[in-house]
Amino acid sequence: MWHTMILAFLAGVTAANATPHFVRGITKRPFPTPFGPSPVVNFVAGWAMYVLAALLAVWADMPAHPVAAGIAVAVGVLLMGLFHAVVGAFGRGADEF
């Protein structure tokens, strides 16, 4: 069960982190990444993180422990959402983009 919970948590964190990058990329707005803030880089980074999140969800074997997996995903999404809402990417505020 721990295997499922850890991988499901990581899937939630990864999917939540993919969202701002993907959205900024498809709306042609800059957002910081380690590879630069360009919209194309953000779109590709967001897409890659969504693919990774899907793979983590498959590897987690969530049907084996659906309640534990659901809670782990929800906690991962919550924590990454709070990170982006409070700290922001690279510790920068939203007005700096």
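See the structure shown above.
First, a word on what this report is: a plain description of the structure on this page. The written sequence of each chain sets the order in which its residues are numbered from 1. Local features in this predicted model are restricted to residues of pLDDT 70 or higher, and side-chain atom pairs are both shown and tallied only at a pLDDT of 80 or more, whereas totals for entire chains, interfaces and linings draw on every residue. Remark: hydrogens and water are excluded; side-chain values derive from all non-hydrogen atoms of the structure.

## Considerations on the overall build of the protein chain
Our working definition: Secondary structure elements are taken from DSSP: a helix is a run of H or I of four residues or more, a strand is a run of E of two residues or more, and numbering for both begins at the N terminus. Only protein chains enter the area calculation, which uses a 1.4 Å probe; residues under 20% of their type maximum are buried, those over 50% are exposed, and those in between are partly exposed. Note on definitions: a residue-residue contact is assigned when non-hydrogen atoms from the two residues lie within 4.5 Å. For every accessible area listed, the method is Shrake-Rupley and the probe measures 1.4 Å; residues are considered covered only by the protein chains on display.
Assigned secondary structure in the protein chain consists of 3 helices and 0 strands. The secondary structure elements of the protein chain, listed N-terminal to C-terminal, are α-α-α. Along the first, second and third principal axes, the C-alpha atoms of the protein chain reach 40 × 25 × 20 Å. The 97 residues of the protein chain split such that 32% are buried. Partitioning the contacts of the protein chain with sequence separation of at least 6, the portion at a separation of at least 24 is 69%. For the protein chain, the exposed area adds up to about 5900 Å²; of that, 77% sits on carbon and sulfur atoms.

## A few points about the packing of helix α1 (residues 2-26) against helix α3 (residues 66-86)
The packing of two helices is summarised by the inter-axis angle and the distance between the axes. Going by this rule: Axis geometry follows a simple rule: fit a line to the C-alpha atoms, using only the stretch in contact for helices, then measure angles between N-to-C directions, giving values from 0 to 180 degrees. The handedness criterion is simple: a crossing whose near helix is rotated anticlockwise from the far helix by less than a right angle is left-handed, and one whose near helix is rotated clockwise is right-handed. Any residue that is not Ala, Val, Leu, Ile, Met, Phe, Trp, Tyr, Cys, Pro, Asp, Glu, Lys or Arg is counted as polar, Gly included; the first ten are nonpolar and the last four charged.
The geometry of α1 relative to α3 is characterised by a closest axis approach of 7 Å and an angle of 35° between their N-to-C directions. Of the two elements, α1 crosses α3, and the hand of that crossing is right-handed. Residue-level inspection shows Thr4, Met5, Ala8, Phe9, Gly12, Val13, Ala16, Asn17 and Pro20 of α1 in contact with α3, the latter providing Ala68, Ala69, Ala72, Val73, Val75, Gly76, Val77, Leu79, Met80 and His84. Residue composition of the contact of α1 with α3, by class: 14 nonpolar, 5 polar and no charged.

## Considerations on the packing of aromatic side chains
Definition in use: Pairs were defined over the aromatic rings of Phe, Tyr and Trp, the Trp ring being its six-membered one, requiring ring centres within 6.5 Å. Orientation was assigned from the angle between planes: stacked under 30 degrees, edge-to-face over 60, tilted for the rest.
Following the criterion strictly, the structure yields 2 aromatic pairs and no others. On the basis of an interplanar angle of 40° and a centroid distance of 5.4 Å, the ring pair of Phe22 and Phe43 is categorised as tilted. Here Phe43 lies in helix α2 (residues 39-59) and Phe22 lies in helix α1, a separation of 21 residues in the sequence. The exposure class of Phe22 is partly exposed, given its relative accessible area of 23%. Here Phe22 and Tyr50 contribute two aromatic rings whose centre-to-centre distance is 5.5 Å and whose plane-to-plane angle is 70°, an arrangement assigned as edge-to-face.

## Points about the nonpolar core
The following threshold applies: Note on terminology: a nonpolar core comprises buried Ala, Val, Leu, Ile, Met, Phe, Trp, Tyr and Cys residues joined through side-chain atoms within 4.5 Å.
Core analysis: the biggest nonpolar cluster contains 7 residues, these being Leu7, Ala8, Ala11, Leu56, Ala60, Ala69 and Ala72. Put simply, the parts of the chain that give this core at least two residues each are α1 and α3. At 3 residues, α1 tops the list of elements feeding residues into this core. If near-sequence neighbours (up to four positions away) are discounted, Leu56 is found in contact with Leu7, Leu10, Ala11 and Thr14.

From the geometry alone we can't say anything about function, so treat these as descriptive.
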